[in-house]
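# Close look at the chain arrangement
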Amino acid sequence: MKQQLQLKFMALFTAGLIAWSSLSLGLSGLAQPAADGQMQQTIKQQAIEQQVIEQQVTKQQVDVLQLPVEVEGVLETGDRTLDDGSLYDLYPFLGEADQSVTVRMVSDDFDTYVLLIDPDGQVIAENNDAQPGETHSALTLPLPATGTYQVVANALDETGRGAYRLTITPADAAAAQQSGADQAYQQGIAAFRQEQYEPAIAAWTEALSLYEAAGMRYEQGATLDWLGAAHRRLGRYPEAIAFFEQTLAIAREIQFRSGEAGALSNLGSVYTDLNDYDQAIQRYKQALDIYQAVGDGSEAANTLGELSDIYSALGDYSRSIEFNQRQLTLAREIQNHRLEADALNGLAVTATALGNYPQAIELLQTQIALSREVGFRRGEAAALGNLGSVFYVLGDYDRAETTLQTFLGLTQAMGDRDNEVAAHGNLGSVYVEQSRFQDALSAYETGLALARELGDTWGEAASLGNIGTVYTIQGDHARALTYQQQSLEIIRELGEPTGIATSLGSLGTVYDALEDYGPAIDAYQEAATIARSIGTRRLEALNH
C-alpha cells in the first residue's frame, strides 16, 4: 500500500484580474483593480510596479512648479519609460496638507494615464479614464502632507505617443467635498498594494457606503470590484464571487460594456481558482465577445490567454495551443509585448505538458530575451520560474537551482512577495531531489513564514505539506503527520479539490509508513473519489 511521495511544486501564474476601469467622480478619478493570478500587486493594466515608479521618478531633477499648473507636452520616442514600456513626463509641484487638488491629462492622440506621488515617494493616486468611454485621465484628492508632489503624465501602454495637455489646480468646493469617499477608496488601494487586505476592505467598505448614500452607481461598481479582488486574495471565494456579481449587475445597469467584461473576467478567475472550469470558460468567453465588440485588443488578447490556460489545465492541449496562438497573433498585431510574452509563456507551458521540453525551453528563452529587451520584469520572472520548472522535470537539478535562484532574486528586487513564496517552495523541492534536506526545510520554512505574513493560505498549505514530505523521507513520521494534517485542514477550508486530493494522498502515505492502515485506506479512497469527480467535471467543461 505504498504511494509515491509528492511535492507541491508551485506553478507561476501570470494572469491577473481584469479591470473594471479607472473611475472618477466628476474630475475625481479612481483607479482600477487588476490583481492576482501570479498573485501580483498590479495597477495600470498589471504593468506598473509601485517600487519601479518610485525608483525612476525620484531620480529625475526637474523644476518644482507652483499651483496652478497648465502645460502642453509630448510623449515621444526617447522619453523616459516605466517598467511596462509606457512613456512618461514628470511634473513636481508644491502642495499643502489638506489642500484638495485636481489633476487632469487630456490627449487626442493616445489613451492617457496619470499618477500622483507624495513627498515620501509613495504612489497615492492614479487614474486611467476620467469617465466611462473617455481616454482622458483625472483625479481629485486632498493632499496628506505639505511638500513636493510629483505628477507622472503617462500613456496607458507602450504604444501611447503624441501631444497632451496637463493641468494641476486647486479643487473646487464640490469636488473637495466628494473627495472624502475618493480618499477612502485610494486608501484601500494603498493598503492593497502593501498586501494589507483587511485594512483595504475596511477602507473600501467605508467608500462604498459613501458612494451608495450619494447614489453613485459607477463608483459603487468600482469599489465592489476591488472588494472582490481583496477577498479573492484572502481565499474567500464565495465572498469574491458575490462582490463580482454585484459589479456585473451595476455594469449592465449603467450599460458600461468594458466594466461588464471586466466583471465577467474576474468571475472567470475565481471559478478557475475553484477548478470550476465550466463556469470559468463561460464567463471568459462572454468577456471575450464584449472585448472584441468594443475593440479592446489588449483585454481580448489577455482573455484568450486565460482560456488557453484553462484548456491546458483540462488537458485539451489542441484548444490551448489554438487560443495561445490567437493571443500571440493579436499581441503582435497591437504591439503589446507584455501579452506577447504571456502567449510565449502559455505555449511553453503546453509544450512542457506534452513532453516537448526542447520546444518549451526555446519558447521560455525567447520570452526571457523579449522581456529583458522591453524591460518587462514580470515577464522575465515568469519565464525564469517556469524554465526552472522544466529543468526540474528533466532532472537537471543544478540548472533548475541556478534558474530558480535568479527567479528568486528578481521577485525580491520587484517586491513580488507572492511569487517569492513560490520561489522558496520550488527551490526547496529541488533541494529535496538533491538530498539536501536541511536546505529544503530552510527554504520551505522561509516560504511558510512569508505566506503566513501575506495571508497566502494556499502558499501556507503547500509549504506545510512539503515540510511534512521532507520529514516523511527522513523517517520522522510523527512530525510529518502533524504538518500534513495542518496542510489538509487549510486546503479543505479553501475548497480546492485537486489540492485536497493531493494532500489526502500525502497524508495516506504517512499513515501507511506508520502502519496505521485504516486511516491510510480512508485517505486514499477519499482522494480517489475526488479525483474521479474532478475528471467528470473536466469532461463537462470540455463540451463548452
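Time to look at the overall build of the protein. Across its full length, the protein holds 20 helices and 11 strands. Counting only residues that meet the buried cut, the protein has 60% of its 544 residues in that class. In the protein, once contacts between residues fewer than 6 apart in sequence are set aside, the share between residues at least 24 apart is 68%. Here the protein displays about 20,400 Å² of accessible surface, and carbon together with sulfur accounts for 48% of that area.

On to the confidence of the model for the protein, then. Keep in mind that low pLDDT regions are not for reading the predicted coordinates in detail. Mean pLDDT over the protein: 84, with 84% of residues reaching 70 or higher. Counting interchain partners and residues more than four positions distant, the pLDDT-below-50 stretch residues 1–8 has 34 contacts. Across residues 11–59, confidence stays below pLDDT 50; counting only partners more than four residues off in sequence or on other chains, it has 228 contacts.

Right, let's talk about the pattern of salt bridges for a bit. Summed over the entire model, instances satisfying the criterion amount to 23 salt bridges. Residues E453 and R417 are paired through a salt bridge, measuring 2.5 Å at the closest nitrogen-oxygen approach. Taken together, the positions of E453 in helix 16 (residues 437–454) and R417 in helix 15 (residues 417–433) put the pair 36 residues apart, joining distant regions of the chain. What makes E453 exposed here is its relative accessible area of 56%.

Strand order across the open sheet formed by four strands is 3-11-6-9, with antiparallel pairing between neighbours. Two strands in the sheet have a free side with no partner beyond their single neighbour: strand 3 (69–75) and strand 9 (137–142). Neighbouring strand axes in the sheet, compared pairwise and without regard to direction, differ in orientation by 15 degrees on average. Where strand 6 (residues 100–106) lies against strand 11 (residues 162–170), six bridges are found, and the strand directions are antiparallel. Across the sheet, residue V106 finds its bridge partner in strand 11, namely R165.

With that out of the way, let us pick up the packing of aromatic side chains. Evaluated as defined, the whole model comprises 10 aromatic pairs. Ring centres of F93 and Y149 lie 5.8 Å apart, and the angle between their planes is 20 degrees; on these two criteria the pair is classed as stacked. With F93 in strand 5 (residues 87–95) and Y149 in strand 10 (residues 147–155), the pair connects residues that are 56 residues apart, well separated along the chain. F93 sits in the buried class, given a relative accessible area of 0%. With relative accessibility at 0%, the residue Y149 sits in the buried group. On the basis of an interplanar angle of 25 degrees and a centroid distance of 4.9 Å, the ring pair of W204 and W226 is categorised as stacked. Pair noted here: W204 is in helix 4 (residues 197–214) and W226 is in helix 5 (residues 217–233), with a separation of 22 residues, a long-range link.

Attention shifts here to the nonpolar core. Grouped together as the largest cluster of nonpolar side chains are 61 residues, with contacts concentrated most on I467 and L504. Aside from chain neighbours lying at most four places away, what touches I467 is L441, Y444, E445, L448 and Y483. In this structure, A261, L274, L330 and A331 belong to the second largest nonpolar core, which totals 31 residues.

Here we come to helix 19 (residues 497–513). Note: α-helices contain 3.6 residues per turn, so residues at a spacing of three or four share the same orientation. Its 17 residues place the ends of helix 19 24 Å apart at the C-alpha level, agreeing with the 24 Å of an ideal helix rising 1.5 Å per residue. Downstream of helix 19 by one or two residues, E515 has phi in the positive range, about 60 degrees.

Moving on, we get to unusual backbone geometry. That bond from L67 to P68 is cis: its omega, -5 degrees, falls within 30 degrees of zero. Within the secondary structure, P68 is located in the loop between helix 2 (50–57) and strand 3. One non-glycine residue, N275, adopts positive backbone phi at about 60 degrees. For N275, the position within the fold is in the loop between helix 7 (257–273) and helix 8 (277–294). Positive phi is not limited to glycine here, since Q335 has a value of about 60 degrees. If you trace the backbone, Q335 turns up in the loop between helix 10 (317–333) and helix 11 (337–353). Q335 sits in the exposed class, given a relative accessible area of 52%.

Quick look at the side chain of Q367 now. As for its position among the elements, Q367 is in helix 12 (residues 357–374). Residue classification places Q367 among the buried residues on the basis of a relative accessible area of 1%. Contacts of Q367, omitting those with residues within four sequence positions, involve A341, L344, N345, G379, A382 and A383.

Once that is clear, we can look at the pairing of strand 6. Consecutive side chains of a regular strand alternate in pointing toward one face of the sheet and then the other. The buried fraction of strand 6 is high, at five of seven residues. Sheet analysis places strand 6 next to strand 9, joined by six bridges and oriented antiparallel. By the bridge assignment, M105 is partnered in strand 9 with S137.

The subject of this paragraph is the environment of A440. With respect to the helices, strands and loops of the structure, A440 is situated in helix 16. On a C-alpha basis, the gap between A440 and L427 in space is 7.3 Å, while along the polypeptide they are 13 residues apart. Once you skip the residues sitting within four places of it in the chain, A440 turns out to touch G428, Y431, V432 and V470.

Read across the open sheet, the five strands follow the order 4-5-10-7-8; overall the sheet is antiparallel. Of all strands in the sheet, those bounded by a partner on one side alone are strand 4 (80–81) and strand 8 (123–127). As paired strands, strand 7 (residues 112–117) and strand 10 are joined by six bridges and run antiparallel to one another. Bridge pairing in strand 10 places L116 opposite V151.

Thresholds applied
Residues numbered from 1 in each chain as written. Predicted model: local features only at pLDDT ≥ 70, side-chain atom pairs only at ≥ 80, totals over all residues. Heavy atoms only, no water. Helix = DSSP H or I, 4+ residues; strand = E, 2+ residues; numbered from the N terminus. Buried < 20%, exposed > 50% of the residue type's maximum accessible area, 1.4 Å probe, protein only. Contact = heavy atoms within 4.5 Å. Areas by Shrake-Rupley, 256 points an atom, 1.4 Å probe, with all protein chains shown as cover. pLDDT = per-residue confidence, 0-100. Salt bridge = Lys/Arg side-chain N within 4 Å of Asp/Glu carboxyl O. Pairing = 2+ DSSP bridges. Axes fitted to C-alpha atoms, helices over the stretch in contact; angles between N-to-C directions. Phe/Tyr/Trp six-rings, centres within 6.5 Å; stacked < 30°, edge-to-face > 60°. Core = buried A, V, L, I, M, F, W, Y, C linked by side-chain atoms within 4.5 Å. Expected span 1.5 Å × (residues − 1).

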